[in-house]
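If you want the building blocks of each chain, they are given just below.
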Amino acid sequence: MPLMSGWKSAVVYQIYPRSFADSNGDGIGDLPGITARLDHLALLGVDVLWLSPIYRSPQDDNGYDISDYQDIDPAFGTLADFDELLAAVHTRGMKLVMDLVVNHTSDEHPWFVESRSSPDNPKRDWYWWRDEPNDWQSFFSGSAWERAGDQYFLHLFSRRQPDQNWENPEVRHALYAMMRWWLARGVDGFRMDVINLISKPDGLPDGDASALCADGPRVHEFLQEMHREVLAGRDLITVGETPGSTVEDARLYSDPARGELDMVFTFEHVGLDAGATNWDLRPLHLPDLKANLSAWQDGLADVGWNSLYWDNHDQPRIVSRWGDDGEHRVASAKSLATVLHLLRGTPYVYQGEELGMTNAHFTRHDQYRDIESVNWAAHAALPEEQVLHALAVKSRDNARTPVQWDASPNAGFTTGEPWLTVNPNHTEINAAAAVADPDSVLHHHRKLIALRHEHPVVVHGDYRLLLPDDEQAFAYVRTLDGATLRVVANLSGEPATVDEGLLGGALVLSTHPDAAGGELRPWESRVLLTE
């Protein structure tokens, strides 16, 4: 693709390196493994690769606990391997975005080792220390405070992920220097992990830590400073993970005039099938999903930009979650992708999503590796059957099973013992089979990506929701300079009838090659263009 100033037409592909491709048989994906599979991504047609963390780490939270920001974890390779990967990405005309984790470090990071060594250490206030904890709870269950010596340190996530004190300018400028180091190495931007949590409320009052810390009092000041010190004047792409943020918050974060971020990840839509907690399972009501996505489309129509995603390393597989991973797996994966990709914003494809990979369907506690899942299961005061069902539906490990490259043992991911069990359905669902099948989920994704690259109406067109109360059909129209793109999808396992007047224009993409008439078959979708 051209310079990142054209990022609005880009499609991003997320790689979770541990599970992508293993080159040396140790059962853990690595950087040479990614390099060896780049032609798959070039075939898919994506523009930007986002790497989940590859920095040196004790791997308490699979790399989101960083002990050295300027080195590669040996499990993934070396800096030389990274340089080779980056060069190979650029040679193919793609860009590479690093995962930036700066709300917290590992407890093994030298900064924290110094900080905890003594109350008088110059780096003591690089982290949050208190004589007595408040009542905050960790996102990973239990107290958000851990005792070390005579005081307690704050960790909103694992007890091995102490939160950095962004109130201290020395912390901020050390992080900015690190970011400039990676940019000098040639990376093309950053995905910023839980970036809206970096500003803590004054006095750290008791209450809901998530609500109190999200979009804190100085977060916009900090991000504007980061933009001035690091990002301004460079051709980059930046996206912030902002749990709990609203449309109004997103307008502030992604307004170009404010100089903060290009876009943020909303969490609202992926919370629609949960009750009080992520593990409190609720069925999805399609009109709620349409209303939520449309609110974000409308809210960021004139200011800011949307990130579009179903899957990532923290979410279960969409085809199992809101599709049909049995009889209609291929059609439901295609239609869910169609609805997402043709919205206004930047689509994100998570590894394996383009293959229609499914949830793991684990049945035992010992099959899980994710710290969030393991901790929740240990604390959950629920019947065993209910705990296992919730894990099977929502565990982050559903997204982390190895990528299924072919039908060979361990799916072509590794010649060794994989760190996480390979899904047994890899004998049917794999990249080799998808490439060979012109009607596969993979080739449907290729066509969706090509539509975005070829038609400005997909990138810049206005959005209008159709049939807001229909419980089967998700339909909308995009318009720009005389071009009209209509998307009509039956997101259900039963036939759905729509007004044929909605189906005007040339059929440019469909799940079923013989699409005709006003009745949509189960999980059928059509894309129609008038120019």
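Just so we're clear, the structure is a prediction, and the values are computed from it rather than from any experiment.

Asks: Give me the lowdown on the pattern of salt bridges, citing residues and values where you can.
Replies: Overall, the coordinates contain 29 salt bridges when judged by the stated rule. Residue R56 pairs with D71 through a salt bridge whose shortest N-O separation is 3.0 Å. Here the residue R56 occupies a position in strand β3 (residues 55-56), and D71 occupies one in strand β4 (residues 68-72), the gap between them amounting to 15 residues. On the basis of relative accessibility, which here comes to 31%, the residue R56 falls in the partly exposed class. A salt bridge links D366 to R364; the nearest nitrogen and oxygen atoms lie 2.9 Å apart.

Asks: Describe the packing of aromatic side chains, listing the residues and the values that go with them.
Replies: Going through the model one piece at a time under the given rule, you end up with 25 aromatic pairs. Note on W166 and Y176: the rings are 6.3 Å apart at their centroids and 65 degrees apart in plane angle, and the pair reads as edge-to-face. One end of the pair, W166, is in the loop between β8 (151-154) and α5 (169-185); the other, Y176, is in helix α5, with 10 residues separating them in the sequence. Across the pair, exposure class does not vary: W166 and Y176 are buried alike. Measuring from ring centre to ring centre gives 5.9 Å for F474 and Y476, while their planes differ by 75 degrees; the resulting arrangement is edge-to-face. When sorted by exposure, F474 lands in the same class as Y476, which is buried. One aromatic cluster is present, formed by Y55, Y69, F82, W111, W126, W181 and W182 through successive ring pairs. Across the ring face of W126, the terminal group of K123 is positioned such that the distance to the ring centre comes to 4.6 Å. Lying across the ring of W129, R124 places its NZ or CZ 3.7 Å from the centre.

Asks: How would you sum up the pairing of strand β20 (residues 525-530)? Please name residues and give values.
Replies: A regular strand carries its side chains on alternate faces of the sheet. Burial within β20 is extensive, with 5 of its 6 residues counted as buried. Pairing analysis gives 6 bridges linking strand β16 (residues 483-490) to β20, with the strands arranged antiparallel. Within β20, the position partnered with V488 by the bridge is R526. Pairing geometry for strand β18 (residues 506-510) and β20, over 4 bridges, is antiparallel. Bridging from a neighbouring strand, A506 pairs with L529 of β20.

Asks: Lay out the sheet that holds strand β6 (residues 129-130) with the relevant residues and their values.
Replies: Ordered by their spatial adjacency, 3 strands build an open sheet running β6-β8-β7, and the pairing between neighbours is antiparallel. Looking at strand neighbours, the two that pair on one side only are β6 and β7 (145-148), the edges of this open sheet. Here β6 pairs with β8 via 2 bridges, running antiparallel. Looking across to β8, one finds that R130 is bridged to Y152.

Asks: How would you summarise the nonpolar core if you had to cite specific residues and measurements?
Replies: Most often, soluble globular proteins keep nonpolar side chains buried together rather than apart. One finds F82, M179, W182 and F190 to be the most contacted residues of the largest nonpolar core, which totals 95 residues. At 7 residues, the largest contribution of residues to this core is made by α5. Excluding residues that lie within four positions of it along the chain, F82 makes contacts with L31, L51, I54, I72, L96, M98, W182, R185 and V187. Among the nonpolar cores identified, the runner-up in size contains 30 residues, and A331, L336, A483 and L485 belong to it.

Asks: Describe the sheet that holds strand β9 (residues 189-192), and please don't skip the residues or the numbers.
Replies: Spatial strand order, β11-β10-β9-β5-β2-β1-β13-β12: 8 strands in an open sheet with parallel pairing. In the strand order of this sheet, the two ends are held by β11 (263-265) and β12 (307-308), each with one partner. Direction of pairing for β12 relative to strand β13 (residues 346-350): parallel, over a ladder of 2 bridges. Bridged to S307 within β13 is T346.

Asks: Lay out the packing of helix α12 (residues 371-379) against helix α13 (residues 384-394) in plain terms, naming residues and giving numbers.
Replies: Here α12 crosses α13 at 165 degrees, and the two axes come no closer than 10 Å. By the angle between their axes, α12 is roughly antiparallel relative to α13. Here α12 runs over α13; the crossing is right-handed. The residues of α13 that touch α12, namely those facing S373, W376 and A377, are V387, A390 and L391. Class assignment of the residues belonging to the contact of α12 with α13 gives a composition of 5 nonpolar, 1 polar and no charged.

Asks: Could you give an account of helix α15 (residues 441-454), with specific residues and numbers?
Replies: Its 14 residues place the ends of α15 20 Å apart at the C-alpha level, agreeing with the 20 Å of an ideal helix rising 1.5 Å per residue. Residues of α15 that are buried: V441, L442, H443, H444, H445, L448, I449, L451 and R452.

Asks: A description of unusual backbone geometry should follow, citing residues and the corresponding values.
Replies: With phi around 55 degrees, D215 is a residue other than glycine that occupies positive phi space. Locating D215 in the fold gives a position in the loop between α6 (209-213) and α7 (219-231). Phi is positive for H361, close to 60 degrees, though the residue is something other than glycine.

The rules behind the values
- Residues numbered from 1 in each chain as written.
- Predicted model: local features only at pLDDT ≥ 70, side-chain atom pairs only at ≥ 80, totals over all residues.
- Heavy atoms only, no water.
- Salt bridge = Lys/Arg side-chain N within 4 Å of Asp/Glu carboxyl O.
- Helix = DSSP H or I, 4+ residues; strand = E, 2+ residues; numbered from the N terminus.
- Buried < 20%, exposed > 50% of the residue type's maximum accessible area, 1.4 Å probe, protein only.
- Phe/Tyr/Trp six-rings, centres within 6.5 Å; stacked < 30°, edge-to-face > 60°.
- Lys NZ or Arg CZ within 6 Å of the ring centre and 35° of its normal.
- Pairing = 2+ DSSP bridges.
- Core = buried A, V, L, I, M, F, W, Y, C linked by side-chain atoms within 4.5 Å.
- Contact = heavy atoms within 4.5 Å.
- Axes fitted to C-alpha atoms, helices over the stretch in contact; angles between N-to-C directions.
- Parallel < 35°, antiparallel > 145°, perpendicular 65-115°, else oblique.
- Left-handed = near helix turned anticlockwise from the far one by under 90°.
- Nonpolar A, V, L, I, M, F, W, Y, C, P; charged D, E, K, R; others polar.
- Expected span 1.5 Å × (residues − 1).

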